[in-house]
Structure formats: C-alpha cells, structure tokens
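# Survey of secondary and tertiary structure
Residues per chain, in single letters:
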Amino acid sequence: MSSAPPPADHGFHAHPSGEGAREDLLRFLDREAAVAQATNGRLAVLLVELRRVDRLQALLKGPPAAVTLSLVIERLRPALRPEDRVAALSDEQVCIVLPRIAHPTQAVLAAVKCLRALDRPIAHEGGTAVLRPCVGIATVPENRADPAQLLMAADVARRIAGTREEGYHVFQSEDSIEAEVYHGLDIDLQRAIRSNELEVHYQPQVTLDDSRPVAAEALLRWRHPTSGPIAPGTIVGIAENTGIIGSLTFWVLNAVLRYAAQLAKDGITPRFSVNLSTRTLVDQELPDIVEQALGTWGIPAERITLEITESSMIGDAERTMAMLTRLKGTGVQLAIDDFGTGYSSLAYLKRFPVDELKIDRLFVSGLLADRGDHQIVRSVIDLAHNFDLRAVAEGVEDEPARAELARMGCDLVQGYLVSRPLPEREFRSWWTAREKRA
Ligand code: C2E
Ligand code: MG
Ligand code: MG
C-alpha cells in the first residue's frame, strides 16, 4: 500500500463527513505511514466511536447523518494540530491521523482533548444532546506502519476503550485477546437485562457491638451462558460504555426493591445498599427513577442506601452536589464507597448530604499488619463520627480484624468473616437464623 503514488492533497476542500474526505484521509494515512517508516518517525491513528449518535440525531430532530457528523468534526478540530487530519469513516466513527508526533503520550493527550471537546452538549436547531464517545489509539513504531493493520489495531483498542472509565485505550500487542473476550458481550448484556439472566446477591452487614444483622449490600452477578461468570466491574464497564447503564441501574434497583418487598411480607426488613456507577450519577433522570421504583414496590426510602464511590465526587463538584441533593430529596440514604482511596476533602464531607462512609477493603486488610493502614482506618472512623456518619468496614475476613474494628468504634462490618454475598434464598435463611441468634 505504501507504494501508491502520493495523492493530490485536496482533503481540505472536501466535506469532512463525505465520501471524498474518507478517501482522502485513508490516502493521507497511507502516505504518512510510509514517511514514518522511512524516517523512523512516529504517527498515531485515533478512532473515535460516537456512541449514542442515533440519540443525538433523534434529539436534533433528525438532520442527516452527514450534518451530525460535521457538527462533531467541528468540535474536534480545535483539539487538533493544523497538520492532523480528521474524517468520518462511517455514521458512527471518526478517524483522526496524527502525523509526525514526538512521543506516544501526544496521542493520548489528543484523545483526552477530543473526549473533552465532545463532553459538552451538542446543539442544533432541534435541541441538544451529549455523546458518549470513546477513542481507540494505535501508534507507529509500536505497531507496523501498515495502514490496514493500524486501523484494525485502533479498532480493537476502541472496543476496549468502550469498557474503560477513561474512555480511551492505546493498543497493546496482548489486546487482541482481551478484545475477543469483550466482543459481543454488550449485545449479550442487553439480552441478559431483558431476559432476567442477571442476578443480585446480598452481602450482610452486622453491628460491631452485638453482631446484629442490619443491612445488606446488593452485588450484581452475571453468569454468561458460554463465558461463565463476568465480574461486576466488567458488566458495569460494558453497560456504561454502550449507553445501557441507565437500564442496568434501573434493573438492579427494581430487583432489590422487589426482593425487599417479598422479605417484608415475612417481617424481614434489612436496609439495602445499592451501588451507583459514576456515569449513572450524571443521569438527570436518576432521582425520578429511584422515586418511581420505591413507589412501585412500596419500600420506605430510608431503607435504601445508595453507594457512590469517592472518585465520582471529584469531577464536577457542583453537578455532583446538585445530584446528591436531589437523590437525598427522595428520602434515601447515601454512602461513600471505597472511602480513603480517592481525594475527598473535609470540605466535601461537610457539604455533601451523606450518611455513611465505607472504609475500603484495601485498608481493612492491612489493618493489623500495616501501621499506615491502621492510621487510615482509625482516621476514617473518627472522621465519620465527627460528621455524624456511620462507619462501615468492608472486606473483613478474620476475627482479629473484627475485634480491632470493634475496639476502634466502627459501626458495621461486612466481609467474608460474616458471610459471602448470597443468592436470594440463602440470604433469607441466613438472615432468619442470625436474627434468632442475636
Ligand atoms: P464494592 O461496592 O466495594 O463491593 C465490595 C466488593 O468486595 C464485592 O465484590 C464483594 O464481593 C467483595 N467482598 C466482600 N467481602 C469481602 C471479603 O471479606 N474479602 C474480599 N476479598 N472481598 C470481599 P464484587 O461483588 O466483585 O463487586 C465489585 C465491585 O463491583 C463493587 O465493589 C461495586 O463497585 C461494583 N458493583 C457490584 N454490583 C454493582 C451494581 O449493581 N452496580 C454498580 N454500579 N456497581 C456494582
Ligand atoms: Mg459498594
Ligand atoms: Mg467498596
């Protein structure tokens, strides 16, 4: 391919989303890959996938795909250097070629800038919409300077990027295997949500002073028919990045509340904790969804705790604050999960309407062996109590750790020592037996 004659450089005049632009971009890639090879130079290919572009089009009241794409490309241009090229490869994919870069991190920087550029709502006559893009990156000389192979590598990286929080991924040689694992799972997950193939397991939380069971954390489980169990982090990653996290959250909430209603009939009334992903937290419909689900199952709001991770509070503090306030307005309790791993400051704790801090398992496991971890656990417990919050230690696996937590005044424990996460029926028996004992 690199032996093709250099094409006329007329890409500038072509419509950025039209067929001509696509051809031009591919020719440009051809030529620049050859240059990179000949000069031992560097080059990067970025594939931007515009997830939810259909939603954008619907919200913009249906302009032709080409118009939507040119709106997107207009957004991207200022994030790029004048010598970079950008064109749409399809209705949902934009390709960017970064010729002659100095270092691979330059490609990552460009990807981050592009993601940011697309983060703000895109407006058109009909309305506004936010895209959920992800970017796959392939670089030369880390990959061979072959245009077809580079595009393929960028595409594999794009699929992986779709499951990652950061929204981009640089192709590594071992990625082809990982991509195979993910491939098709998004479609399977949509099916699994529809057909109730997913399950929720419940891990009890008991008091430290008298081992009374008081609550349970709902944890998502998915046994894929051919791939076997899929880690909840992966499920959430896929859901977030294919735009179905909203339906997944809705599914989990309803599954928990349905189960809560069923247990309540027999007088079993734990408080239930449900995890919320960072991406769910920006969904403006979330408080209404919570309220509606509570109403449907007739569960008092204060019996539900929504767990958000500390890192999801760091981004846009004002927006997070507004969302948490609305959630709190529904009457539910709020917890900060994995506390201690992020960077929450005291100022956050004072302002955010939270009820509980969950001490990350990492610190709990080092509690007795590591002085630093011991200090952190103690500080988190004190901090929680100073702010009138409940302190919950997770990942408690042995009795000495439990005893130490009790000594430190921690309120609740959750961990394998008490019980593994249990399927519905086993959880019910566990709870009944434990209540009798307490
Ligand atoms: P998390 O919310 O911090 O949940 C605690 C994790 O620690 C669970 O892992 C639990 O099984 C595990 N664990 C509990 N006790 C012990 C212990 O004594 N030792 C050890 N080694 N591990 C323990 P799991 O179920 O794999 O979930 C992982 C993460 O996935 C959760 O972390 C949560 O962030 C996320 N997740 C799970 N279900 C959901 C869901 O429905 N929605 C969302 N958005 N995220 C979920
Ligand atoms: Mg949790
Ligand atoms: Mg946790």
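To keep things clear, this report deals only with the structure shown in the data block. (Residues numbered from 1 in each chain as written. Chains lettered and ligands numbered in written order. Predicted model: local features only at pLDDT ≥ 70, side-chain atom pairs only at ≥ 80, totals over all residues. Heavy atoms only, no water.)

All right, on to the coordination of the magnesium ion (ligand 3) then. Of the protein atoms, only Asp337 (OD), Asp338 (OD), Glu394 (OE) and Glu394 (OE) coordinate the magnesium ion (ligand 3), at distances of 2.0 to 2.7 Å. Written as a sequence motif, the donor residues of the magnesium ion (ligand 3) are D-D-x55-E. (Donors = N, O, S within 2.8 Å, 3.2 Å for Na, K, Ca; no water.)

Around ligand 1 sit 22 residues in total, of which Glu217, Asp337, Arg361, Glu397 and Tyr416 are the nearest. One of the side-chain N or O atoms of Arg221 is found 2.9 Å from an oxygen atom in ligand 1. For ligand 1, the accessible surface in isolation is 800 Å², of which the surrounding protein chains cover 82%. Mapped onto the shell around ligand 1, the elements with two or more residues apiece are strand S9 (213–224), helix H8 (232–241) and strand S13 (333–339). Broken down by element, the residue count for the shell around ligand 1 peaks at 4 residues, all from S9. Classifying every residue of the shell around ligand 1 by side-chain character gives 9 nonpolar, 5 polar and 8 charged. (Near = heavy atom within 4 Å. Polar contact = N/O pair within 3.5 Å; in protein donor to acceptor, adjacent residues only side chain to side chain. Areas by Shrake-Rupley, 256 points an atom, 1.4 Å probe, with all protein chains shown as cover. Helix = DSSP H or I, 4+ residues; strand = E, 2+ residues; numbered from the N terminus. Nonpolar A, V, L, I, M, F, W, Y, C, P; charged D, E, K, R; others polar.)

In ideal tetrahedral geometry, four donors around a metal make angles of 109.5 degrees, whereas ideal octahedral geometry with six donors gives angles of 90 or 180 degrees. Within the first shell, the magnesium ion (ligand 2) binds the protein through Glu217 (OE), Asn275 (OD1), Glu307 (OE) and Asp337 (OD), at distances of 2.0 to 2.2 Å. Each donor residue of the magnesium ion (ligand 2) belongs to the same chain, with the gaps between them written as E-x57-N-x31-E-x29-D. The distance between the magnesium ion (ligand 2) and the magnesium ion (ligand 3) comes to 4.1 Å, and Asp337 binds to both of them. Here Asn275, found in strand S11 (residues 271–275), pairs with Asp337, found in strand S13; they are 62 residues apart in sequence, far enough to count as distant. Accessibility expressed as a relative area gives 31% for Asn275, which makes it partly exposed. (Buried < 20%, exposed > 50% of the residue type's maximum accessible area, 1.4 Å probe, protein only.)

So, about the environment of Ala239. As for its placement among the helices and strands, Ala239 is situated in helix H8. The class for Ala239 is buried, based on a relative accessible area of 0%. The spatial distance from the C-alpha of Ala239 to the C-alpha of Asp186 is 7.1 Å, given a sequence separation of 53 residues. Those residues in contact with Ala239, other than ones at most four positions away along the chain, are Leu189, Ile244, Ile245 and Leu248. (Contact = heavy atoms within 4.5 Å.)

To continue, consider helix H11 (residues 317–329). With 13 residues, H11 extends 18 Å between its outermost C-alpha atoms, agreeing within 8% with the 18 Å of an ideal straight helix rising 1.5 Å per residue. Just beyond H11, the residue with positive phi is Gly331, at close to 100°. (Expected span 1.5 Å × (residues − 1).)

Let us look at the pattern of salt bridges. Once the charged atoms of two side chains with opposite charge are near each other, the side chains can pair. On inspection of all chains with the given rule, the structure shows 22 salt bridges. A salt bridge links Arg81 to Glu83; the shortest N-O distance between them is 3.6 Å. Overall, the relative accessible area of 41% leaves Glu83 in the partly exposed class. Residue Arg158 pairs with Asp155 through a salt bridge whose shortest N-O separation is 2.8 Å. Of this pair, Arg158 and Asp155 both sit in helix H5 (residues 147–161), 3 residues apart, which is roughly one turn of the helix. For Asp155, a relative accessible area of 24% translates into the label partly exposed. Within the structure, one salt-bridge network assembled from shared partners comprises Glu217, Glu307, Lys358 and Glu394. (Salt bridge = Lys/Arg side-chain N within 4 Å of Asp/Glu carboxyl O.)

With that out of the way, let us pick up the packing of aromatic side chains. Tallying each qualifying case throughout the model produces 8 aromatic pairs. With a centroid separation of 6.2 Å and 55° between ring planes, the pair formed by Tyr259 and Phe272 is classed as tilted. Pair noted here: Tyr259 is in helix H9 (residues 245–264) and Phe272 is in strand S11, with a separation of 13 residues, a long-range link. In this pair, the class of Tyr259 matches that of Phe272, namely buried. An angle of 40° between the planes, with centres 5.5 Å apart, marks the rings of Phe427 and Trp431 as tilted. Highlighted residues: Phe427 and Trp431, both in helix H16 (residues 424–437), separated by 4 residues, approximately one helical turn. Residue Phe427 shares its accessibility class with Trp431, and that shared class is buried. Among the aromatic residues, those joined into a cluster by ring pairs are Tyr202, Tyr259, Phe272, Phe427, Trp430 and Trp431. The ring of Tyr416 carries Arg420 above its face, with NZ or CZ at 3.7 Å from the centroid. (Phe/Tyr/Trp six-rings, centres within 6.5 Å; stacked < 30°, edge-to-face > 60°. Lys NZ or Arg CZ within 6 Å of the ring centre and 35° of its normal.)

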